[in-house]
Amino acid sequence: GATLTEATRTFICAHNVLSVCLSVDCSLLATGDALAKAKVWETSLGGKLLLTCDCAGWVHAIKFSGDMTMLATGDQGKQVRLWSVSSGEMVHKMELESEVFTLDLSRDKTTLTAGTKSGKARTWFIAPRHLSSFVAGDGRDVNSIDMGFSLLATGSSGKEASCWDYMSGECR
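Residues numbered from 1 in each chain as written. Predicted model: local features only at pLDDT ≥ 70, side-chain atom pairs only at ≥ 80, totals over all residues. Heavy atoms only, no water.

Peer 1: Can you help me understand unusual backbone geometry in this one?
Peer 2: The phi torsion of most residues other than glycine is negative, and most of the peptide bonds are trans. Positive phi, normally seen in glycine, also occurs at A36, with a value near 65°. Given a relative accessible area of 14%, A36 falls into the buried group. One non-glycine residue, M68, lies in positive phi territory at about 65°. Within the secondary structure layout, M68 lies in the loop between β5 (59-64) and β6 (70-75). Judged by its relative accessible area of 23%, M68 is partly exposed. (Buried < 20%, exposed > 50% of the residue type's maximum accessible area, 1.4 Å probe, protein only. Helix = DSSP H or I, 4+ residues; strand = E, 2+ residues; numbered from the N terminus.)

Structural data, given as structure tokens:
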């Protein structure tokens, strides 16, 4: 049988890797690094580099859309960007008040939420480009986010995990 060394693939980046995300079918790997680069790799043998995107600082958060057509990045430069995986073009950019620690993209690609160092989870409705925001938890760093169909879950440095209605911003 295969040994652990034979079964794993290593993707060499130029600097510290801060965030990773696999596509739903595991055919693509996205990496975010400390040189402000987001990269998309094929996970098959050879691990071909398909795309490099320039960000505005350390890339703390990276996420594929469910259909693998979009890539969202969140960085130290207080920006969230949405990229086309096929062309590498930046499709949308959102400026935030502080460093982005985490993000998630809704399954239908209509909503993106980013968690920041300032303790806010900001939700962006992509199609009409409408930004709404609400404070998540106790206002401390939002370190983790997960979006369901109607709820947003956040985890903060204030030792809280909360569930929110991401359309109204109400805590449940």
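Here the narrative resumes.
Peer 1: Is there a simple way to explain the sheet that holds strand β13 (residues 142-147) in this structure?
Peer 2: Remark on secondary structure: sheet strands pair via backbone hydrogen bonds, oriented parallel or antiparallel. Here we have 3 strands laid out as an open sheet, ordered β13-β14-β15, and antiparallel in their pairing. Every interior strand has two partners, whereas the edge strands, β13 and β15 (161-165), have only one. Strand-to-strand twist across the sheet, computed as the mean angle between neighbouring axes with direction ignored, equals 25°. (Pairing = 2+ DSSP bridges. Axes fitted to C-alpha atoms, helices over the stretch in contact; angles between N-to-C directions.)

Peer 1: Help me understand the layout of surface pockets, please; the structure alone is not making it clear to me.
Peer 2: There is about 180 Å³ of room inside the largest pocket. Surrounding the largest pocket, 14 residues form its lining, K63, F64, G66, D104 and L105 being those nearest its centre. Broken down by secondary-structure element, the contributors of at least two residues to the lining of the largest pocket are β1 (17-22), β5, β9 (100-105) and β13. Its residues assigned to classes, the lining of the largest pocket comprises 6 nonpolar, 4 polar and 4 charged. (1 Å grid on protein atoms, 1.4 Å probe; cavity = no way out; pocket = protein on both sides within 12 Å on 5 of 7 lines; lining within 4 Å. Points joined across faces, edges and corners; volume = space filled by probe spheres on them. Nonpolar A, V, L, I, M, F, W, Y, C, P; charged D, E, K, R; others polar.)

Peer 1: Is there a simple way to explain the state of the cysteines in this structure?
Peer 2: In protein chemistry, a disulfide is the covalent bond that joins the sulfur atoms of two cysteines. This structure, assessed with the given rule, holds 0 disulfides. For C26, which is in no disulfide, the shortest distance to another cysteine sulfur is to C21 and amounts to 9.7 Å. (Disulfide = S-S within 2.5 Å.)

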